[in-house]
Amino acid sequence: MKTLRLGVQVLLLFLALLGAWPQAQAQALSEVEQEREMIRELQQAQDEIRLMQYRLEGNQVSIRPERSYEEDQKLVRTQELSGRVVQSLERRSRLLKARLQELGEDSGDEAEQLIVHNERMQLRRADAALRADLRVARLVQVEAQQARQLLREATVRYEKAKRWRRNASLVLLESLPELAQAWPADRSKLSDFAQQWRGTWSNSSWQQSSASLWMAAAVLLVMLALFRVMPLWVSRYLPAGRLRRSSLIIANFFLWFIATWVVVDQLVELVFQRPGLSPTQFELLAYLKVGAWAAAVALACLKSMVVQPRASWRLIPVSTQTQHRLRYFAPAFFLLVYADITSSFFRGSIGLSDAFQSMADGVSSLLYLILYGYGLWVLRDELFNRTDVAGQGASRTGRSWARLAFKGGVLVYILVLGLFIGGWQGLSDDLMSHFITMPLILGLLAYVCMVWLQDIADSLLTYLRNRSHDPEAAPIRVQSQFIVVFFAIARMSVLLLAIWMVSGDWLTEPKQMLESGLDVSREALRLGAVQWRLDLWLIALGVMLVGAVLIHFLRTWLRQHYMPNTTLEPGLQNAIVGMVGYVAYFVLLVICLSMLGVPIESVTWIFTALTVGLGFGLRGIVQNIASGLMLMVERPVKVGDWVEVEGSEGNVRQIRLRATYVERFDRTMVMVPNSQMMGRQVRNLTYTPTSLGAIESRLLFPLDVDADAVMQILREAVQSEPEILTEPAPILSCDGIFGDGVAFSTRCFINTMRVQRRVRSNLMLDILRRLRQQGISLHPAQRWVQEAMDKDRAEDPDL
């Protein structure tokens, strides 16, 4: 029985194989037919792609976004088809190569060798044809990718041309006839798209999405709890100072961003994410998610940085009244940004008319203008109609910069409003995006990050100074300098990143806007090496202005933050800051000239010629600059020294390259050229901090005076003055007979020359008082003594 059962199973297996063989052969034939059909479609698509490339080459054709979207979808489908063909052909190629390896080399049997040889030749011819088809399929992939790039460039050209083209004004109701004409077709497309969503919602439930209302509610509860405890944590774990405030602002930003983004994202998925969505519906879902992210950033910036409820935690010092007025600005801005980003889906994905898109853009721009107008009106009262309150007012410098930024924003707003009313919708949108919206969001982020980094640096410097017993020690100074430089580089990186994000490649570059708007030719008028093109001159002027502002901030940072952490003297610090400024301005000028087409070699020759001309024509200035450099290197005079030069006596306040500024004791400032400081006699009364001061006096008495009584009076007067030093001891002497009188002199020493006039005055008044009490009078010819003292001082440098 077992043998019979085994035979039946073998028979059934054989019959099954005989039945499956034709089916497998038919399936193989069907796969070959499918490949051939796909290859024929691929060849037709290749012809269409090459025709498209021929039309788009030359950078002359511009394509509307909706048509560009349709063509791009065709190219995407072509790429998918070519990918499937490549995958199928590669699989067949691997099978053919495996069969060829099985056949191996020719054997000795002639009959078998002929059969194998014919099969091998057929396989090789099939493999060659397969490789040819494979090359065509891969070539189609490359050509489709190149066509998509050309298509994007053509769309960008259309957008640029549209930006500078005047459309029908929405405010003047010029677009109504065109909109009424295009509305039936647009309504049909919108109805079809809405019908897709109605079918999706009717066939599925919100419970099939991955979102959860419970998760959104949990996130809200957690964020509310964190908002309450975050100030307590910041106050407990961070040192007292500005670092607490900036850290709380950063924490609040992330809390607002996470809460808003998660909640909106969950609601979007709950409503829109259903099974069986079409590609267009998936694209709308992607736009809704991206819009939620961007709008959350905008809301977090405004809520955490501008409209903080507590005045003590506001990083941007605004009054409580302004904060109350702006309480609805942040949510309105959130909704507007979200709607604006989402409306981008309808511009290219559904293929609506230009009239409908212009109307949607116009409504969005109008809402932006209304919102920005209200914000500027509120800030105007804040900046110009409110006096600073103790503890809330900004510094004078910060307020002046804020007023300057406000005036610039008002000018841009007026320009955008005029362009919008006139019908230049594209240009007004770009200007609003580049100079209002993006600077508002990214500027707030960059400002908070820079302040936070500066507060961290100040806290670390304070910690180092408090930890060290000697704050002026070399290791502490090196660590302080490293902290200052590191965080300065970090702040500059944040600023440059914000500038790059505002004018990067993913936005319309201001340079391209200027070139396309002015429509200037590359072959412009030339005068020598300089190109007389308006766009280049405007760009060079902008670079010059921005560079001048950056150089100003660099010099301020060096003077206020870096130099105080060094052991350099104030005069040398000012000199270094001045030299850095001169070198930076020179580099900026070279860059601007290079932008105008002037080669670096020409710039070098120009400055060489100017140097020679200055050497002959402005010798005095060059001499003063050279003397200033010598003063900075040799430092015979320092800032704070008491000097006497050219009849002027006072304290040195500044040492610059051209002149030295001496503040006289009558509070007037004398500018002494550096050539006089180096080439003439200058008396420095406080050359070294440890040098002693001397007080000298010489009195002339009649010949019949009691010399012992005079010496006793002088000795008692010197000993009674507390600021006169006992070591070195005072020197009292009789200098001899001058005509009919005898002279007595005193030389006393004090700690510093700063008190020399006051101590000498007190000493002379005491001596005169004692002489009057003893009935001793001076000789009438006292002026001879002063002339003799001046002569002795000229002969003896130690006097």
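Since the structure is predicted, the reported quantities are computational estimates derived from the model, not experimental observations. The residue count restarts for each chain, going from 1 along the sequence in the order it is written. Whole-chain, interface and lining totals are the exception, using all residues; otherwise, since this is a predicted model, local features are given only for residues with pLDDT of at least 70 and side-chain atom pairs are given and counted only at 80 or more. Water and hydrogen atoms were dropped before computing side-chain values, which therefore reflect all heavy atoms in the structure.

### Topic: the pairing of strand β5 (residues 659-664)
Thought 1: Note that strand β4 (residues 648-655) and β5 share five bridges and pair antiparallel. Within the sheet, the bridge partner assigned to V652 lies in β5 and is V662.
Thought 2: The criterion for strand pairing is that DSSP finds at least two bridges linking the strands in question. Counting from the N terminus, the helices are DSSP H or I runs at least four residues long and the strands are E runs at least two residues long. Of the strand pairs in this sheet, β5 and strand β6 (residues 669-673) are connected by five bridges, and their pairing is antiparallel. Considered in β6, the bridge of A659 is made with P673.

### Some points on the pattern of salt bridges
Thought 1: The term salt bridge refers to a side-chain nitrogen of Lys or Arg lying within 4 Å of a carboxyl oxygen of Asp or Glu. The full count for this structure, using the stated rule, is 13 salt bridges.
Thought 2: Note that R50 is salt-bridged to E143, the shortest N-O span being 3.2 Å. With a gap of 93 residues between them, R50 in helix α1 (residues 2-56) and E143 in helix α3 (residues 110-163) connect regions that are remote in the sequence.
Thought 3: Of the residues examined, E143 reaches a relative accessible area of 9% and is grouped as buried.
Thought 4: Connected through shared salt-bridge partners, E716, D766, R769 and R770 make up one network. Note on exposure labels: buried denotes an accessible area under 20% of the residue type's maximum, exposed denotes more than 50%, and partly exposed covers the range between, all computed with a 1.4 Å probe on protein chains only.

### Describing the sheet that holds strand β10 (residues 741-750)
Thought 1: Within the open sheet, the three strands sit side by side as β8-β10-β9. Their pairing is antiparallel. Taken across any chain shown, the strands that pair with only one partner, and hence form the sheet edges, are β8 (693-702) and β9 (731-738). Within the sheet, the average angular offset between the axes of one strand and its neighbour, ignoring direction, is 20°.
Thought 2: Only heavy atoms enter the contact rule, under which two residues are in contact if any of them lie within 4.5 Å. Lines fitted to C-alpha atoms define the axes here, with helix axes fitted over just the stretch in contact, and angles between the N-to-C directions of these axes take values from 0 to 180 degrees. Strands β8, β9 and β10 of the sheet are contacted by helix α20 (residues 707-720), whose axis makes an angle of about 20° with β10.
Thought 3: The sheet strands contacting helix α21 (residues 756-774) are β8 and β10, and the helix crosses β8 at an angle near 25°.

### Let's talk about the packing of helix α4 (residues 176-203) against helix α10 (residues 354-384)
Thought 1: Taken N-terminus to C-terminus, the directions of α4 and α10 make an angle of 95°; their axes are 8 Å apart at the nearest point. Here α4 is positioned roughly perpendicular relative to α10, judged by the angle of their axes. Packed against α4, whose contacting residues are E178, L179, A182, W183, D186 and L190, the element α10 presents A355, F356 and M359 at the interface.
Thought 2: Within the contact of α4 with α10, the residues separate by chemical class into seven nonpolar, no polar and two charged. An angle below 35 degrees is treated as roughly parallel, one above 145 as roughly antiparallel, one from 65 to 115 as roughly perpendicular, and anything else as oblique. Any residue outside Ala, Val, Leu, Ile, Met, Phe, Trp, Tyr, Cys, Pro, Asp, Glu, Lys and Arg is labelled polar, Gly included; the first ten of those are nonpolar and the last four are charged.

### What to know about unusual backbone geometry
Thought 1: Geometrically, the link from E727 to P728 is a cis peptide bond, its omega value of 0° lying close to zero.
Thought 2: In this fold, P728 is placed in the loop between α20 and β9.

### Describing the pairing of strand β3 (residues 642-645)
Thought 1: Across four bridges, the pairing between β3 and β4 is antiparallel. The partner of V645 across the bridge, within β4, is S648.
Thought 2: From the end of β3 to the start of β4, which pair antiparallel, there are two residues, and E646 there has a positive phi angle of about 55°.

### Observations concerning the nonpolar core
Thought 1: Counting residues in hydrophobic clusters, the biggest one holds 62 residues, and the most contacted among them are C301, M305, F333 and Y372.
Thought 2: Listing elements by their share of this core, those giving two or more residues are α4, α6 (242-272), α7 (279-305), α9 (329-348), α10, α11 (396-422) and α12 (425-467).
Thought 3: Per-element accounting of this core gives the leading share, 13 residues, to α7.
Thought 4: Working definition of a nonpolar core: buried Ala, Val, Leu, Ile, Met, Phe, Trp, Tyr and Cys residues. They are joined through side-chain atoms within 4.5 Å. Counting residues in each nonpolar core, the second largest holds 24 residues, with L81, V86, L130 and L134 among its members.

### Looking at the packing of α10 against α12
Thought 1: Put simply, α10 and α12 touch, their axes get as near as 11 Å, and they point 40° apart. Relative to α12, the element α10 lies oblique. In terms of crossing hand, the pair formed by α10 and α12 is left-handed. Judged by residue contacts, D361, G362, S365, Y368, L369 and Y372 of α10 engage Q425, D429, M432, I436, T437 and L440 from α12.
Thought 2: Considering only residue class, the contact of α10 with α12 consists of six nonpolar, four polar and two charged. Each crossing gets its hand from how the near helix is turned against the far one by less than a right angle, where anticlockwise is left-handed and clockwise is right-handed.

### Some points on the sheet that holds β4
Thought 1: Spatially, five strands are ordered β6-β5-β4-β3-β7 in an open sheet, and the strand pairing comes out antiparallel. Strands with a single pairing partner mark the edges of an open sheet, and in this sheet they are β6 and β7 (682-684). In this sheet, adjacent strand axes meet at a mean angle of 40° when their direction is disregarded.
Thought 2: As paired strands, β3 and β7 are joined by three bridges and run antiparallel to one another. Residue pairing in the sheet places V643 in a bridge with N684 of β7.

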